[in-house]
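Observations on the model geometry
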Amino acid sequence: MCGIVGYIGDKQVQSVLLSLLGRLEYRGYDSCGIAVAGSSLKVYKDVVRVAALTEKAPQLGGTAGIGHTRWATCGEPSQVNAHPHCDCAGNIAVVHNGVINNFQSLRQQLISEGHTFISETDTEVIPHLIEKYYDGNLEKAVEAALRDVEGSYAIVVLTADESKLVVARKDSPLIIGIGDRENFIASDVPAILDFTNRVIYLEDGDIGIVTKDNIKIVSDGTEVDREEHKILWNVEEAQKGGYDHFMLKEIHEQPRVIRDTLVEYTQTAEPVVDLERMRDEGIESVLILACGTSYYAALVGKYIMEELVGVPVRVEIASEFSYYGQTLVRTLAIVITQSGETADTLKAIRRLKGVRCRVVAITNVVGSSASRVADQTIYTRAGPEISVAATKSFTAQLMVLYWIAMGYSKADARRLASMLLGLRQLPSKVQRVLDNGDIILQCARYLSKYENVFFIGRGINFPVALEGALKLKEISYIHAEGYAAGELKHGPFALLGENIPVIAIVAQDNTYEAMLTNIKEVKVRKSPVMALAEEGDETIRELADFVITVPRVEVIFSPVVNTVTLQLLAYYTAKERGCPIDFPRNLAKSVTVE
Ligand code: AGP
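A brief report on the enclosed structure follows. Each chain carries its own residue numbering, running from 1 in the written order of its sequence. Totals for whole chains, interfaces and linings use every residue, but because this is a predicted model, local features are given only for residues with pLDDT of at least 70 and side-chain atom pairs only at 80 or more, for both listing and counting. Just so you know, side-chain values use all the structure's heavy atoms and leave hydrogens and water out.

1. Concerning the overall build of the protein chain
Stated formally: Secondary structure elements are taken from DSSP: a helix is a run of H or I of four residues or more, a strand is a run of E of two residues or more, and numbering for both begins at the N terminus. Our radius of gyration is a C-alpha quantity, and the globule rule it is checked against amounts to 2.2 Å times the number of residues to the power 0.38. Residue exposure (1.4 Å probe, protein chains only): buried if accessible area is under 20% of the type maximum, exposed if over 50%, otherwise partly exposed. Only heavy atoms enter the contact rule, under which two residues are in contact if any of them lie within 4.5 Å.
Each helix and strand in the protein chain was counted, giving 20 helices and 25 strands. Taken over C-alpha atoms, the radius of gyration comes to 26 Å for the protein chain, in line with the 25 Å a tight globule of 594 residues would show. The burial tally for the protein chain puts 61% of its 594 residues in the buried class. For the protein chain, the proportion of contacts with a sequence separation of at least 24, taken over those separated by at least 6, is 71%.

2. Re the site of the ligand
Stated formally: What makes a residue near a molecule or strand is one non-hydrogen atom of that residue sitting within 4 Å of it. Distance and chemistry together define a polar contact, namely a pair of N or O atoms within 3.5 Å, with one atom able to donate a hydrogen and the other to accept it when in protein, and with adjacent residues in sequence counting only for side-chain atoms on both sides. For the area figures, the Shrake-Rupley method with a 1.4 Å probe applies, and any residue is considered shielded solely by the protein chains shown.
Taken together, 15 residues are adjacent to the ligand, and Ser-294, Gln-338, Ser-339, Thr-342 and Glu-474 come closest. Within the backbone of Ala-390, a nitrogen or oxygen atom sits 2.7 Å from an oxygen atom of the ligand. A distance of 2.6 Å is found between an oxygen atom of the ligand and a side-chain nitrogen or oxygen belonging to Glu-474. Within the complex, 91% of the 410 Å² of free accessible area of the ligand lies under protein. Of all the elements in the fold, those that place two or more residues in the shell around the ligand are helix 10 (292-308) and helix 17 (462-476).

3. Concerning the pattern of salt bridges
Pairs can form between side chains of opposite charge whenever their charged atoms are close. Condition: A carboxyl oxygen of Asp or Glu within 4 Å of a side-chain nitrogen of Lys or Arg is what we treat as a salt bridge.
Tallying each qualifying case throughout the model produces 36 salt bridges. With its nearest N and O atoms 3.8 Å apart, the salt bridge here joins Lys-140 to Glu-143. Highlighted residues: Lys-140 and Glu-143, both in helix 5 (residues 138-148), separated by three residues, approximately one helical turn. Of the charged contacts in the structure, one is a salt bridge between Lys-523 and Asp-545, with a shortest N-O distance of 2.8 Å.

4. Brief notes about the sheet that holds strand 7 (residues 153-159)
Rules: DSSP bridges decide pairing: two strands pair if at least two such bridges lie between them. For helices, the fitted axis covers only the stretch in contact; all axes are lines through C-alpha atoms, and the angles between them, taken along N-to-C directions, range from 0 to 180 degrees.
Taken in spatial order, the seven strands line up as 5-6-7-8-12-13-14 in an open sheet, and their pairing is antiparallel. Across the chains shown, the open sheet's two edge strands, defined by having one partner strand only, are strand 5 (85-86) and strand 14 (222-224). As paired elements, strand 8 (residues 165-170) and strand 12 (residues 206-210) share four bridges and run antiparallel to each other. When the bridges of strand 12 are listed, Val-167 appears paired with Gly-208. Contacting strand 5, strand 6 (92-97) and strand 7, helix 4 (residues 125-133) runs over the sheet at an angle of about 135 degrees to strand 6.

5. Focus: unusual backbone geometry
Residues apart from glycine generally show negative phi values, whereas peptide bonds are mostly found in trans. Residue Pro-84 is reached from His-83 by a cis peptide bond, and omega for that bond is 5 degrees. Unusually for a residue other than glycine, Asp-171 sits at a positive phi of about 65 degrees. Structurally, the position occupied by Asp-171 is in the loop between strand 8 and strand 9 (175-178). For Asp-171, a relative accessible area of 49% puts it in the partly exposed group. For Asn-586, which is not a glycine, the phi torsion comes out positive at approximately 65 degrees. As for its placement among the helices and strands, Asn-586 is situated in the segment after helix 20 (558-576).

6. A few points about the state of the cysteines
Applicable threshold: In what follows, a disulfide is any cysteine sulfur pair within 2.5 Å.
A full pass over the atoms with the stated rule returns zero disulfides. No disulfide involves Cys-2; its sulfur sits 11 Å from the nearest other cysteine sulfur, which is in Cys-74. Among the cysteines around Cys-88, which has no disulfide bond, Cys-86 carries the closest sulfur, lying 10 Å off. For Cys-88, a relative accessible area of 41% translates into the label partly exposed.

7. Considering the sheet that holds strand 21 (residues 452-457)
If you trace the five strands from one edge of the open sheet to the other, you get 22-21-23-24-25, paired in parallel fashion. A single partner strand is all that each edge strand has here, and the edge strands are strand 22 (479-484) and strand 25 (546-550). Neighbouring strand axes in the sheet, compared pairwise and without regard to direction, differ in orientation by 20 degrees on average. One ladder, built from six bridges, connects strand 21 with strand 22; its direction is parallel. Note that in strand 22 the partner of Gly-457 across the bridge is Ala-484. In the packing of helix 16 (residues 437-447) onto the sheet, the strands contacted are strand 21, strand 23 (502-506), strand 24 (529-534) and strand 25, and the crossing angle to strand 25 comes to about 145 degrees.

8. Re the side chain of Ser-339
The residue Ser-339 is located in the loop between strand 18 (331-337) and helix 12 (343-354) in this model. By relative accessible area, which is 10% here, Ser-339 ends up buried. From its side chain, Ser-339 meets the backbone nitrogen of Glu-341 in a polar contact 3.2 Å long. Every residue in contact with Ser-339, bar those within four places of it in the chain, is listed here: Thr-363, Val-365, Ser-368 and Ser-590.

9. Some remarks on the environment of Leu-308
Mapped onto the secondary structure, Leu-308 falls in helix 10. As for Leu-308 and Met-406, which are separated by 98 residues in sequence, their C-alpha atoms are 6.8 Å apart.

10. Topic: helix 17
Let me state the cut-off plainly: Every helix has an expected span of 1.5 Å times one less than the residues it contains.
Along its 15 residues, helix 17 runs 21 Å from first to last C-alpha, staying within 8% of the 21 Å computed at 1.5 Å per residue. Within helix 17, 13 of the 15 residues are buried, leaving the element largely enclosed by the surrounding structure. Taken from the residues just after helix 17, Tyr-477 is the one with a positive phi, measuring 60 degrees.

11. Points about the packing of helix 10 against helix 17
Stated formally: Between 65 and 115 degrees an angle is taken as roughly perpendicular, under 35 as roughly parallel, over 145 as roughly antiparallel, and anywhere else as oblique. Working rule for handedness: look at the near helix, and if it is turned counterclockwise from the far one by less than a right angle, call the crossing left-handed; if clockwise, right-handed. Gly is put with the polar residues, along with every residue not named as nonpolar or charged; the nonpolar set is Ala, Val, Leu, Ile, Met, Phe, Trp, Tyr, Cys and Pro, and the charged set is Asp, Glu, Lys and Arg.
At a minimum axis separation of 9 Å, helix 10 and helix 17 run at an interaxial angle of 170 degrees. In terms of their interaxial angle, helix 10 and helix 17 are classed as roughly antiparallel. For helix 10 against helix 17, the interelement crossing comes out left-handed. Packed against helix 10, whose contacting residues are Gly-292, Thr-293, Tyr-296, Leu-299, Val-300 and Tyr-303, the element helix 17 presents Phe-462, Pro-463, Leu-466, Glu-467, Leu-470, Lys-471 and Glu-474 at the interface. Across the contact of helix 10 with helix 17, the residue classes tally to eight nonpolar, two polar and three charged.

Given below as structure tokens:
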């Protein structure tokens, strides 16, 4: 998820472009660049934030230009991989948001036709394809180029010769901001609100030809009309997509995140981690290391992999492993880190490398330190996560762990097929959780009055109890503890009573009866019980004070719907308590110190 912009009008374009980009950094901020059209095409780009580029960039002049702020997916953050990208002659510049799936084959084809590539990106094929088809009509060349492209894109195309911008979109957002004798292009509304609130949303397959006085949109070669909308949001509201906080926005992005991460991996026939080869190399066990929420994803990963692959999986807290970690023999190490910059996890990686252990990193940030030191990196496709509380990154990490395990499952084809179906149904199941806000809000109002809360779960939902407690702790400042339900009677029972609600995660698996017993034991000790239970479970209604129903899924997928439910519960509870949800006290999104 990157931010792309364009401007054509009478204003000096450079400051307009940098202002538009500054408003889109929540979409990606690892590098940025601009291109302006004057006597020739001038490009300036670097591995810096927009504010720094504003300082560093020479005055390029011109009244038409394009810009980009990047969230690297293909090719690490670097000056050459930053956008805009150009054709061989430097006459055509393109900024792009999306993923070109067939870029490798297009690149080979274009190289065989004499084109030279300088970056590692998928995007660079676009200006070269436009150059290939250009015969004096830019929009025709863009149309032809996009016929060759497979994948998602929103692009803005600029040339030195033609006083227009050509834009197009498919599966990535793109808007046109309408001004007075000027027009603006952007990935999203926040960018243009300082200049105008009149907006046209392009639809998939649209190609727009934009000059300072005119906007023409064609679809399948026919000119079409697209409705103009008046935006009533202010910039901050728009950056959050109309949600009150980035956390709520990111929670609601999860159906897309699941789809994107699955699309990424279901397209490659190759398993993401070649366990077979590793078996040949004598790998006999798996060690997963992480911190915080990523550690809880690792714990769920243990259940997934042990059930499907049958290899012993050990999960360690990275900050502990660095100091006492036992010697590792014939072990594959997987480290999970959203930011890729967590000092405790990086130190553990260095320790693993020190004993020549093969390290696979699962991270959300391309080019992050973890991706540099690991032997292999698997990227989650959650996009930038702004809120300190990790939500969508957790779910994306689980998707990768499902995929690793399915790549090597001993399960028969029928089981794998039902799992694949289950994975493909997850986005709509999660959407149903998101649409079930009322009961969660009601429970949050109740919970917000308490200062201590316990979460209990069993089996694959024990780590979910831990994650639910962490989410509530870090954003609502309520002291919350997660427990394996069977552990309460070994001590924590002493604390139970009217002032400590217990949130029980009740899955329809072999732990169901034991969970009911634990709930009865908690009720006997006067603690109010809030249960997460599968739709259709009437028994639980007789026991619990509150029941939040979750959609029916295979037990192995229940951590996804249960965790999203607990993310919402924590969010609404913190909101009831008036907490600064996106940036809680004493915490940082990426903990780069030990
Ligand atoms: C989770 O909401 C917290 N932000 C924190 O526990 C986080 O998960 C932990 O710091 C690990 O971060 P990482 O995944 O970027 O390594």
